[in-house]
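Fold and contact review
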Amino acid sequence: MKNLDFPPLHVRLFALAFMQNNPAGMAHEVAWGVGKRGPEDEIIYFEADSAAYAGQLAKANALIQQAMTSPRSREEKDTAAKHDAGTVLRKALFGNAAEARKAATAVLQLSADRDVEAAGAIALALAGDTSEAQKLAGDLAERFPEDTLVQFNYLPTIRASISLVQNAVSTAIEELQVASPYELGNLPAGLSLMPVYVRAQSYLVAHDGRAAAAEFQKILDHRGVVVTDPIGALAHLGLGRAYALEDDNARARTAYQDFFTLWKGADPGIPILREAKSESFKLQ
């Protein structure tokens, strides 16, 4: 019999248990990784991401600190930086703009990896630092002129994020057209389906609820791609906002409730959660 008990399998089993809403299965994989250098780090990062997916940021931060103290994380700075970049992007998506800008500066000093730089640039754009995001986009364009992922996924998403923040939503939507054939891949640093999410947000700002709902639904239909990335939870909120724009209050209330169910144990001070509660109250 072949030995199939190897670390990547257990990381994937944790992800599968997460998607099946199976806490016992997740706990089993965490227990397997205890005391094993390398596998433990990866599973702890997944555990942290799963907590953040539910809005439990204090728990997620504690787990990330635990993973970062391991010798492997100190030695493999790019690997650690990709996880940090995902955390930075999450801060921006959750509305913690000041924290996102500060954290982005720190992680970009650790690594010039393309995924890290892309996640940092999108986070900075969404957090309002469009000037720095534009500089990072220029650097990526210059360093990776023939990289398909950079040219047709990362750069359009960065530029569209900048346009979105500047309220140039038509430009944002147009910039993302080139990303359409390349946007459904599973990517590191929280970047999976980010072109879809930014497009959906752009349609919301343009008050096109039907188009926004279609994009948010696309995220929900590809949960195996998103896995623990925060947009998987935020897509429920986005769907509620899209239905509200269409005056479909019944479906809007259902979508908001789906989000609140996912975030029933969330830290109360998260900006996007406060916004969601206020919006939901108006639908009553």
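This is a predicted model, so every value here is computed, not measured. (Residues numbered from 1 in each chain as written. Predicted model: local features only at pLDDT ≥ 70, side-chain atom pairs only at ≥ 80, totals over all residues. Heavy atoms only, no water.)

Some details on the packing of aromatic side chains
Where we set the bar: Ring pairs are drawn from Phe, Tyr and Trp, using the six-membered ring of Trp, whenever the two centres fall within 6.5 Å, and their geometry is named by plane angle: stacked under 30 degrees, edge-to-face over 60, tilted for the rest. Where helices and strands are cited, they refer to DSSP runs of H or I of at least four residues and of E of at least two residues respectively, numbered from the N terminus. Burial here depends on accessible area, computed with a 1.4 Å probe over protein chains only, as a share of the maximum for the residue type. Under 20% is buried, over 50% is exposed, and the range in between is partly exposed.
Under the criterion given, the structure shown has eight aromatic pairs. Judged by centre distance (6.3 Å) and plane angle (35°), the rings of Y256 and F260 are tilted. Of the two residues, Y256 and F260 both sit in helix α16 (residues 249–262), four residues apart, roughly one turn of that helix. For the pair shown, Y256 and F260 are each scored as buried.

Some points on the confidence of the model for the chain
What counts here: Residue-level confidence of the predictor, termed pLDDT, takes values from 0 up to 100. Contact between two residues is taken to exist if any of their heavy atoms lie within 4.5 Å; hydrogens are not considered.
For the chain, per-residue confidence averages 91 on the pLDDT scale, and residues scoring 70 or more make up 91% of the total. In the model, residues 71–75 has pLDDT below 50 throughout and makes 14 contacts with residues more than four positions away in sequence or in other chains.

Notes on the environment of K218
Looking at the element boundaries, K218 is found in helix α13 (residues 209–220). Residue classification places K218 among the partly exposed positions, given a relative accessible area of 22%. Distance in space between the C-alpha atoms of K218 and T105 is 32 Å, their sequence separation being 113 residues. The residues touching K218, leaving out its near neighbours within four places in the chain, are E183, L184, L193, V196 and R199.

A few points about the pattern of salt bridges
If the charged atoms of two oppositely charged side chains come close together, the side chains can form a pair. In plain terms, the rule: We count a salt bridge whenever a side-chain nitrogen from Lys or Arg sits within 4 Å of a carboxyl oxygen from Asp or Glu.
Applying the stated criterion across every chain yields a total of 15 salt bridges. For R143, the salt bridge identified is with E117, shortest N-O distance 3.0 Å. Here the residue R143 occupies a position in helix α9 (residues 130–143), and E117 occupies one in helix α8 (residues 114–126), the gap between them amounting to 26 residues. Judged by relative accessible area, which is 36%, R143 ranks as partly exposed. For E117, a relative accessible area of 5% translates into the label buried. One salt bridge connects R241 with E279, and the closest N-O pair in it is separated by 2.9 Å. Of the two residues, R241 sits in helix α15 (residues 231–245) while E279 sits in helix α17 (residues 271–282), which places them 38 residues apart along the sequence.

Some thoughts on the nonpolar core
The cut-off we apply is this: In this description, a nonpolar core means a group of buried Ala, Val, Leu, Ile, Met, Phe, Trp, Tyr and Cys residues linked to one another through side-chain atoms lying within 4.5 Å.
Within the largest apolar cluster, 96 residues are counted, with the highest numbers of intra-cluster contacts made by L191, M194, F216, I219 and W263. If near-sequence neighbours (up to four positions away) are discounted, M194 is found in contact with L89, L93, I122, T157 and I231.

Here's the deal with the side chain of E215
Mapping E215 onto the fold places it in helix α13. For E215, a relative accessible area of 10% puts it in the buried group.

Here's the deal with the packing of helix α7 (residues 97–110) against α8
Two packed helices can be described by the angle between their axes and the distance between those axes. Under the convention used in this document: To get an axis, a line is fitted to the C-alpha atoms, and for a helix only the part in contact is used. The angle between two axes follows their N-to-C directions and goes from 0 to 180 degrees. Relative orientations are named as follows: roughly parallel for angles under 35 degrees, roughly antiparallel for angles over 145 degrees, roughly perpendicular for angles from 65 to 115 degrees, and oblique for any other angle. Helix crossings are classified by the rotation of the near helix relative to the far one: an anticlockwise turn of less than a right angle makes the crossing left-handed, while a clockwise turn makes it right-handed. Gly is placed with the polar residues, together with every amino acid not listed as nonpolar (Ala, Val, Leu, Ile, Met, Phe, Trp, Tyr, Cys and Pro) or charged (Asp, Glu, Lys and Arg).
α8 packs onto α7 with a crossing angle of 160° between their chain directions and a minimal axis gap of 9 Å. It follows from the interaxial angle that α7 and α8 lie roughly antiparallel. With respect to the hand of their crossing, α7 and α8 are arranged in left-handed fashion. Residues R101, A104, V107 and L108 of α7 form the contact with α8, whose own contacting residues are V116, E117, G120 and L124. Split by residue class, the contact of α7 with α8 holds five nonpolar, one polar and two charged.

Examining the environment of L93
Relative to the helices and strands, L93 resides in helix α6 (residues 77–93). Judged by its relative accessible area of 7%, L93 is buried. Considered as a pair, L93 and I122 are 29 residues apart in the sequence and their alpha carbons are 9.7 Å apart. Ignoring any residue separated from it by four or fewer positions in sequence, one finds L93 in contact with L126, M194, Y197, P230, I231, L234 and I272.

Considerations on the side chain of R90
Locating R90 in the fold gives a position in helix α6. For R90, a relative accessible area of 5% translates into the label buried. The residues contacting R90, other than those within four sequence positions of it, are D49, A52, L57, A60, I64 and P230.

Regarding unusual backbone geometry
Located in the positive-phi region is N167, a residue other than glycine, with phi close to 65°. Summarising the element assignment, N167 is placed in the loop between α10 (148–165) and α11 (169–175). According to the relative accessible area criterion, N167 is exposed, its value standing at 55%. A positive phi angle, near 50°, is found at V227, a position not held by glycine. Among the secondary structure elements, V227 is positioned in the loop between α14 (223–226) and α15.

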